[in-house]
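# Residue-level structural notes
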Amino acid sequence: MNLLIVDDHPLFRDALAATIRLAHPDAVLHEADGIEAACAVLAANRSIDLTLLDLSMRGVTGFDGLITIRASFPRIPILIVSGHEDPRIVREALQHGAAGFVPKAMDKATLTRAITEVMRGALFLPPGLTEATTPAPRSKKAPLPERLARLTPQQLRVLMMIRQGKLNKQIAHELQVGDSTVKAHVSEILRKLEVISRTQIVIDTASLDFDQIHNTHPA
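Chains are numbered independently. Their residues run from 1 in the order of the written sequence. Predicted model: local features are reported for residues with pLDDT of at least 70 only, side-chain atom pairs are reported and counted for 80 or more only, and whole-chain, interface and lining totals are derived from all residues. As a convention, hydrogens and water are excluded, and side-chain values are obtained from all of the structure's heavy atoms.

The name given to the protein chain in an unreviewed UniProt entry is Two component LuxR family transcriptional regulator, with the source organism recorded as Methylobacterium oryzae CBMB20.

Dropping the structure here:
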């Protein structure tokens, strides 16, 4: 079993690794303190079976880290281990491709069970969070996860940079592509997300931010 722990707190990574080794002493553990480092580890170690990901890390907004890893490594399941327990955040994480969700307040046995279930191909939610699987109310537009699913991996990367306020030239430089290519991606993003401007992209994807979810109450 090859596992990747992604968390920017060394003490928590150590605690998580110790818990995993108690149940799986032969497990090979890799660690990363951010999304960029996680992608580098995943690219260099194609044998990794599961990623354990903290949603809240330095330089990461909302679900951007989860989406980035999913876009680049769609075949590797991701188990969220997070301090957030809001059912709406859990539901959004599942809709964005997480294979399970474990609050950091849960006990070691729950984490061990979560890893086992996800490795078997099952979806894991601890007791008390099963309501997170209840679908959110539908709007006139397709739900955001469905619209995001229309984007290619490269378009998802461009979307993240738009959300960061970067201009087309900056995006082109980072992706090492031409300005015309970026413009084509932006046009496709607008079409697939059913919006008409970059500003609306940011507004429509605001639900990817935890603060927005916490401050929005169901109707």
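## Brief notes about the overall build of the protein chain
Counting secondary structure elements, the protein chain contains eleven helices and five strands. Two things to know: the radius of gyration comes from C-alpha atoms, and the globule rule equals 2.2 Å times the number of residues to the power 0.38. Taking 219 residues into account, the globule formula puts the C-alpha radius of gyration at 17 Å, and the protein chain, at 18 Å, falls close to it. Each of the three principal axes of the protein chain carries a C-alpha extent, and together these read 50 × 45 × 25 Å. Remark: exposure states derive from per-residue accessible area (1.4 Å probe, protein chains only) relative to the maximum for the residue type, with buried under 20%, exposed over 50%, and partly exposed in between. Within the span of the protein chain, comprising 219 residues, buried residues form 48% of the whole. For this analysis, residues touch if any pair of their heavy atoms sits within 4.5 Å. Put simply, of all contacts in the protein chain between residues at least 6 apart along the chain, 66% involve residues at least 24 apart. Residue-level accessible areas treat just the shown protein chains as cover; the underlying method is Shrake-Rupley with a 1.4 Å probe. Carbon and sulfur atoms make up 54% of the accessible area of the protein chain, which totals about 11100 Å². Of the side chains in the protein chain, 25 bear a positive and 24 a negative charge, and the two mean positions are spaced by 7 Å. A run of H or I in DSSP counts as a helix once it spans at least four residues, and a run of E counts as a strand once it spans at least two, with each numbered from the N terminus. Only four residue types enter the tally: Lys and Arg on the positive side, Asp and Glu on the negative side; His and the chain ends are excluded. Charged side chains are reduced to one point each, which is NZ for Lys, CZ for Arg, CG for Asp and CD for Glu.

## Here's the deal with the environment of Glu36
By the secondary structure assignment, Glu36 is in helix α2 (residues 35-44). By relative accessible area, which is 72% here, Glu36 ends up exposed. Separated by 29 residues in sequence, Glu36 and Gly65 have C-alpha atoms that sit 9.0 Å apart.

## Looking at the pairing of strand β2 (residues 28-32)
One face of the sheet, then the other: side chains in a regular strand alternate in exactly this way. Relative to β2, strand β1 (residues 2-6) runs parallel, the two sharing five bridges. For Ile5, the partnering residue across the bridge sits in β2 and is Glu31. For crossovers, right-handed means that the path from the first strand over the helix to the second runs clockwise, given strands pointing away from the viewer. You can see the chain leave β1, run along helix α1 (residues 10-23) and come back into β2, and the turn it takes is right-handed. Each pair of strands is called paired provided DSSP finds at least two bridges between the two strands.

## Here's the deal with the pairing of β1
With five of its five residues buried, β1 lies for the most part within the structure. In β1, alternate side chains face the same way, and those of Asn2, Leu4 and Val6 on one face and Leu3 and Ile5 on the other are all buried. As judged from the four bridges shared by β1 and strand β3 (residues 50-53), these two strands associate in the parallel manner. Pairing of Leu4 across the sheet is with Thr51, part of β3.

## Description of the packing of aromatic side chains
For Phe, Tyr and Trp, rings pair up if their centres lie within 6.5 Å, where Trp contributes its six-membered ring, and each pair is then called stacked (planes under 30 degrees apart), edge-to-face (over 60) or tilted (otherwise). Per the stated rule, a full pass over the model turns up zero aromatic pairs. For a Lys NZ or an Arg CZ to count as sitting over a ring, it must be within 6 Å of the ring centre and within 35 degrees of the ring normal. A cation over an aromatic ring shows up here: Lys104 above the ring of Phe12, its NZ or CZ 4.2 Å from the ring centre.

## As for the nonpolar core
By nonpolar core is meant a set of buried Ala, Val, Leu, Ile, Met, Phe, Trp, Tyr and Cys residues that side-chain atoms within 4.5 Å join together. Among the nonpolar cores identified, the biggest contains 49 residues, and Leu53, Leu66, Ile80 and Leu148 are the most heavily contacted of them. Of all the elements, helix α7 (residues 153-163) adds the most residues to this core, at six residues. Residue ranges assigned to each domain were obtained from an automatic or database domain assignment. The residues that make up this core include at least three from each of domain 1 (2-132) and domain 2 (144-205). Contact partners of Leu66, with chain neighbours within four places excluded, come to Leu53, Leu55, Ile78, Ile80, Ala93, His96 and Ala98. Within the second largest apolar cluster, 18 residues are counted, among which are Ala27, Leu52, Leu79 and Leu111.

## Re the sheet that holds β3
The strands that make up a sheet pair up through hydrogen bonds in the backbone, lying either parallel or antiparallel. The sheet built from five strands is open, its strands ordered β2-β1-β3-β4-β5 with parallel pairing. At either margin of the open sheet sits one strand with a lone partner, and together these are β2 and β5 (100-103). Going across the sheet, the axis of each strand differs from the next one's by a mean of 20 degrees, ignoring polarity. Taken strand by strand, α1 contacts β1, β2, β3 and β4 (78-82), and its axis lies near 165 degrees from that of β2. Angles shown run from 0 to 180 degrees and are taken between the N-to-C directions of axes, each axis being a line fitted to C-alpha atoms and, for helices, limited to the stretch in contact.

## A few points about the UniProt feature "domain: Response regulatory" (unreviewed entry) in the protein chain
UniProt records the feature "domain: Response regulatory" (unreviewed entry) at residues 2-119, using the numbering of this structure. Across residues 2-119 one finds 46% helix and 19% strand; the C-alpha atoms that close the span lie 11 Å apart. UniProt positions are given in the numbering used here, feature names are shortened, and annotations may be inferred rather than shown by experiment.

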